[in-house]
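Working through the structure, step by step
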Amino acid sequence: MTKENYIRHMEELTGLIRPSSPDGCSPEAWKQAQRQHKRDTPNCPICKARVKSVRANNAKKAHDELMKDCGLVKGKTALGRIIWE
């Protein structure tokens, strides 16, 4: 689930436009609408997919940072696999 898809999902549900757009709502109203949606539908599959994506991205960044701190360099094989050497 990409961030753009999640934002589109929230715009459709709440009827608000994201704060970063020129004619968007206030950031407080946007956050309040997100909290309300999470309270009303805690098992929303789209929101759960976004949380899963964010966790995976953070884990990947942490792994890459750890490998770089160990002095390894990221590379690609001829078949396109990622290796650390």
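Every chain begins its residue count from 1, and numbering advances along the sequence as written. Confidence filtering applies because this is a predicted model: local features only for residues at pLDDT of at least 70, side-chain atom pairs given and counted only at 80 or more, and all residues used for totals across whole chains, interfaces and linings. Based on all heavy atoms of the structure, the side-chain values leave hydrogens and waters out of the count.

Details of the overall build of the chain
When helices and strands are tallied, the chain shows 3 helices and 2 strands. Going from N to C terminus, the chain has its helices and strands arranged as α-α-α-β-β. For the radius of gyration, the atom set is restricted to C-alpha positions; the globular benchmark scales as 2.2 Å times the number of residues to the power 0.38. Taken against the 2.2 N^0.38 rule, which gives 12 Å for 85 residues, the C-alpha radius of gyration of the chain at 18 Å runs more than 25% over that of a compact globule. With the C-alpha coordinates aligned to their principal axes, the bounding extent of the chain is approximately 50 × 30 × 25 Å. Secondary structure elements are defined from DSSP: runs of H or I of at least 4 residues count as helices, runs of E of at least 2 residues count as strands, and each element is numbered from the N terminus.

So, the pattern of salt bridges
One side-chain nitrogen of Lys or Arg within 4 Å of one carboxyl oxygen of Asp or Glu is enough to make a salt bridge. Taken as a whole, this structure holds 4 salt bridges when the rule is applied. The shortest N-O distance in the salt bridge between E4 and R18 comes to 2.9 Å. Here the residue E4 occupies a position in helix α1 (residues 3-14), and R18 occupies one in the loop between α1 and α2 (27-40), the gap between them amounting to 14 residues. In this structure, the salt-bridge partner of K74 is D64, at a minimum N-O distance of 3.3 Å. Note that K74 is positioned in strand β1 (residues 74-76) and D64 in helix α3 (residues 45-69), a separation of 10 residues in sequence. Throughout this description, buried means an accessible area under 20% of the type-specific maximum (1.4 Å probe, protein chains only), exposed means over 50%, and partly exposed covers the range between. By relative accessible area, K74 is classed as partly exposed at 41%. Through salt bridges that share partners, E4, E11 and R18 make up one connected network.

Details of the nonpolar core
Buried residues of nine kinds, namely Ala, Val, Leu, Ile, Met, Phe, Trp, Tyr and Cys, make up a nonpolar core once their side-chain atoms join them within 4.5 Å. Core analysis: the largest hydrophobic core is formed by 7 residues, namely Y6, I7, M10, C25, W30, C44 and C47. Counting residues per element, this core draws most heavily on α1, which supplies 3 residues. Two residues qualify as a contact provided that any one of their heavy atoms is within 4.5 Å of a heavy atom in the partner residue. With near-sequence residues (within four places) excluded, I7 lies in contact with R18 and W30.

Side note on the environment of D23
Relative to the helices and strands, D23 resides in the loop between α1 and α2. Using a relative accessible area of 59% as the deciding quantity, one classes D23 as exposed. As for D23 and K68, which are separated by 45 residues in sequence, their C-alpha atoms are 42 Å apart.

Examining the packing of α1 against α3
Geometry of a packed helix pair, given as the angle between the helix axes and the separation of the axes. Comment: axis = line fitted to C-alpha atoms, over the contacting stretch for helices; angle = value between 0 and 180 degrees taken between N-to-C directions. Close contact between α1 and α3 brings their axes to 10 Å; oriented N to C, the two are set at 150°. Comparing the axis directions of α1 and α3 gives the class roughly antiparallel. Between α1 and α3 lies a crossing whose hand is left-handed. Contacts between α1 and α3 pair K3, Y6 and H9 from the former with I46, C47 and R50 from the latter. Under the convention adopted here, Pro, Cys and the residues Ala, Val, Leu, Ile, Met, Phe, Trp and Tyr are nonpolar, Asp, Glu, Lys and Arg are charged, and Gly plus all remaining residues are polar. Taken together, the residues that form the contact of α1 with α3 break down as 3 nonpolar, 1 polar and 2 charged. Orientation labels follow simple angle bins: below 35 degrees gives roughly parallel, above 145 gives roughly antiparallel, 65 to 115 gives roughly perpendicular, and whatever is left gives oblique. Here is the rule for handedness: rotate from the far helix to the near one, and if that takes an anticlockwise turn smaller than a right angle the crossing is left-handed, while a clockwise turn gives right-handed.

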